[in-house]
Amino acid sequence: MKHFSPALLFLCLLAPRLSAWQQRVDYKIEARLDTVSHELTADQRLRYWNNSPDTLSFVWFHLYPNAFRDERTRFAREAEGFHDYRFRLSREAERGLMEVSSANAGGQPCFLTPGDDPTTARLDLPSPLAPGDSVDIGMYFRVKIPGFFSRLGHEGSHYEVSQWYPKIAVYDRKGWHPLGYHYLGEFYGDFGDFQVGLWLPRNMVVGATGVEVTDPNDTTAASDSLSYRLFTATDVHDFAWCADPKYIETSEIHRGVALRVLALPKDSSRWGNVMQYAKDALDYYGKWYGRYPYPTLTVCGGYLAAGGGMEYPNMVIVSSGEDRLTRGLEMVVVHEIGHQWFYGMLANNEMDQPWMDEGFNSFSEERYFEEKYGPEADYLAHP
Ligand SMILES: [Zn+2]
């Protein structure tokens, strides 16, 4: 048995408490989608809480849509490194970008200084942000939504809108994490609340993070061709949405969660089991790791070009359909919903420690197949 001095014991007890802090950021975003130019124009206001013991003189932002601006971005260069030439060979009209036309902090005009990749920028605060204080930051921005080279994208009037707003980077005990957008690699975000208002064509079926709270009696919330859709989300670290006028919707309440499946017409005949897969994923992961704590979960059909699916808080996008030979669709649906726990709730740094989300989640996906179909089963087994 080792002997601990009283001072060392005191430090050991104190150390975890000193480092047990997280920043917090609450967003309010109002955005309008132009389905002719495939552009979003938006006004974002956020309140950033400095819960760290440090005084901050600047904050970093992610401007992710700039990954699709030109061939010089980190994403574009890394894509070529993986012999993926879709972006290099794309037309200008298919590419995307983000422009922040004005910014202010604490009521004072501010400027963004680009980072080493156009997907990051630093905003110098007009006055230092002391521990325990908060600052309000406002921005007007425009996003040109690209075709599908990765996650954010559109195909005609179908939209998958992720990594789409100026997102404040994480500051933790290791400092700032202004992570650029990579060809391979994911994300890291601070928890907070979102209030997102979207002006969209009236016929759009929308899936989104959080809960839709649109007031159906608000006569100001519509124009000839657009309607206003309002969403709120609590204690999440990202907000994404998808919209398509042709989505085929099914919905069900399962264990208190409002489950929705939005199938693309091309997949509708092959998505008949998706609702059951979603319910099973909630049941198994809930049994093993704790109940899914959010009120909604939506599975959206998509076209994304970054694997067979992608996870966002309260929402997953799946780009595959059922086939006759494997349980591949079930695997993707369960895997993406599993990410609601591993990263969605745990919120690790996915760039530094991807094993903590992909590793645990892939293990859990295998566990799902073994427990549901028997010890020899996996997704390759014939249904
Ligand atoms: Zn994954």
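Residues numbered from 1 in each chain as written. Predicted model: local features only at pLDDT ≥ 70, side-chain atom pairs only at ≥ 80, totals over all residues. Heavy atoms only, no water.

### Section: the layout of surface pockets
Logical step 1: Taken as a whole, the largest pocket encloses approximately 490 Å³ of empty space.
Logical step 2: Around the largest pocket sit 21 residues that line it, and Asp172, Tyr188, Ala347, Asn348 and Asn349 are the ones nearest its centre.
Logical step 3: Looking at which element gives the most residues to the lining of the largest pocket, the answer is strand S12 (residues 170-172), with 3 residues.
Logical step 4: Broken down by class, the residue content of the lining of the largest pocket amounts to 8 nonpolar, 8 polar and 5 charged.
Logical step 5: Size it by volume and the second largest pocket reaches roughly 360 Å³.
Logical step 6: Considering the residues around the second largest pocket, the lining is formed by 22 residues, among which Arg151, Glu186, Ala306, Gly307 and Gly309 are closest to the centre. (1 Å grid on protein atoms, 1.4 Å probe; cavity = no way out; pocket = protein on both sides within 12 Å on 5 of 7 lines; lining within 4 Å. Points joined across faces, edges and corners; volume = space filled by probe spheres on them. Helix = DSSP H or I, 4+ residues; strand = E, 2+ residues; numbered from the N terminus. Nonpolar A, V, L, I, M, F, W, Y, C, P; charged D, E, K, R; others polar.)

### Side note on the packing of helix H4 (residues 328-338) against helix H5 (residues 358-373)
Logical step 1: The contact between H4 and H5 brings their axes to 9 Å, and the two run at 130 degrees. By the angle between their axes, H4 is oblique relative to H5. By crossing handedness, the relation of H4 to H5 is classed as right-handed. Here Glu330, Met331, Val334, His335 and Gly338 of H4 lie close against H5, whose contacting residues are Glu358, Asn361, Ser362, Glu365, Tyr368, Phe369, Lys372 and Tyr373.
Logical step 2: Across the contact of H4 with H5, the residue classes tally to 5 nonpolar, 4 polar and 4 charged. (Axes fitted to C-alpha atoms, helices over the stretch in contact; angles between N-to-C directions. Parallel < 35°, antiparallel > 145°, perpendicular 65-115°, else oblique. Left-handed = near helix turned anticlockwise from the far one by under 90°. Contact = heavy atoms within 4.5 Å.)

### Considerations on the coordination of the zinc ion
Logical step 1: The protein atoms that coordinate the zinc ion are His335 (NE2), His339 (NE2), Glu358 (OE) and Glu358 (OE), at distances of 2.1 to 2.4 Å.
Logical step 2: Coordination at the zinc ion comes from 4 donor atoms whose angles at the metal span 56 to 154 degrees, giving a geometry best classed as irregular.
Logical step 3: Going along the chain, you hit the donors of the zinc ion in the pattern H-x3-H-x18-E. Here the residue His335 occupies a position in helix H4, and Glu358 occupies one in helix H5, the gap between them amounting to 23 residues. (Donors = N, O, S within 2.8 Å, 3.2 Å for Na, K, Ca; no water. Tetrahedral: all angles 85-135°; square planar, octahedral: opposite > 155°, others 65-115°.)

Nothing here speaks to function; it is geometry throughout.
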